[in-house]
Amino acid sequence: MAELTFADIDLVELLERLTLHAYTLYGCFPDPHFVPVMPGYGDSPEDLAKETIKKFLDPDERSLKWPPGRGKPTRAALLGYLKEALTNNFLDQKRSKRYKTRAELPQ
């Protein structure tokens, strides 16, 4: 398979779309006055989206690479693949002991 090129992919648009997908996982709409965070982690939807793109672009990261079985990457296929990876990361964090054993301070 030829090396993946990003000539047809707008990374800013990709980040925005992944961030909107992350907001759906958090169960809310983007709001300039409120940004949800993952309890125990402090990750916002934008943090999850940035981390997903960073993992995908990092040549040393082996956990998130384009699978050759999916064929040539298109804009839609790449977005779908990264949405799936972001969702899995979100669910892994929700299942983690760090999330479950968090302590909240009284107000």
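Residues numbered from 1 in each chain as written. Predicted model: local features only at pLDDT ≥ 70, side-chain atom pairs only at ≥ 80, totals over all residues. Heavy atoms only, no water.

A. Structural context of the packing of aromatic side chains. In total, this model carries three aromatic pairs according to the counting rule given. Aromatic side chains Trp66 and Tyr81 sit 5.4 Å apart centroid to centroid with 70° between the ring planes, which places their arrangement in the edge-to-face category. Note that Trp66 is positioned in the loop between α2 (45-57) and α3 (75-95) and Tyr81 in helix α3, a separation of 15 residues in sequence. For the pair shown, Trp66 and Tyr81 are each scored as buried. An aromatic cluster is defined as three or more aromatic residues linked by ring pairs; in this entry it consists of Phe56, Trp66 and Tyr81. (Phe/Tyr/Trp six-rings, centres within 6.5 Å; stacked < 30°, edge-to-face > 60°. Helix = DSSP H or I, 4+ residues; strand = E, 2+ residues; numbered from the N terminus. Buried < 20%, exposed > 50% of the residue type's maximum accessible area, 1.4 Å probe, protein only.)

B. Focus on the nonpolar core. Core analysis: the biggest nonpolar cluster contains 19 residues, and Leu14, Leu18, Phe56, Leu78 and Leu82 have the highest contact counts within it. Mapped by element, the contributors of at least two residues to this core are α1 (11-26), α2 and α3. In terms of residue count, the dominant contributor to this core is α3 (seven residues). (Core = buried A, V, L, I, M, F, W, Y, C linked by side-chain atoms within 4.5 Å.)

C. View of α3. Taking 1.5 Å of rise per residue, 21 residues should cover 30 Å, and α3 covers 30 Å from first to last C-alpha, within 8% of that figure. All of the buried residues along α3 are Leu78, Leu79, Tyr81, Leu82, Ala85, Leu86, Thr87, Asn89, Phe90 and Gln93. (Expected span 1.5 Å × (residues − 1).)

D. Inspection of α1 at higher detail. Here α1 contains 16 residues, and its C-alpha end-to-end distance of 22 Å stays within 8% of the 22 Å for a straight helix at 1.5 Å per residue. Among the residues of α1, Leu14, Leu18, Thr19, His21, Ala22, Tyr23 and Tyr26 are the ones counted as buried. Against the buried residues of α1 lie α2 and α3. Where α1 begins, the capping side chain belongs to Asp10, and its oxygen is found 3.3 Å from the backbone nitrogen of Val12. Just downstream of α1, Gly27 is the residue with a positive phi angle, here 80°. (Contact = heavy atoms within 4.5 Å. Polar contact = N/O pair within 3.5 Å; in protein donor to acceptor, adjacent residues only side chain to side chain.)

E. Region of interest: the pattern of salt bridges. Using the criterion set out here, one finds six salt bridges in the structure. For the salt bridge of Arg17 with Glu13, the shortest nitrogen-to-oxygen distance reads 3.0 Å. With a gap of four residues between them, Arg17 and Glu13 both fall in helix α1, about one helical turn apart. Taking relative accessible area as the criterion, Glu13 reaches 23% and is therefore assigned partly exposed. Between Arg70 and Glu84 there is a salt bridge, with its nearest N and O atoms 3.0 Å apart. Separated by 14 residues along the polypeptide, Arg70 in the loop between α2 and α3 and Glu84 in helix α3 bring together distant segments of the chain. When its relative accessible area of 41% is taken as the criterion, Glu84 is described as partly exposed. (Salt bridge = Lys/Arg side-chain N within 4 Å of Asp/Glu carboxyl O.)

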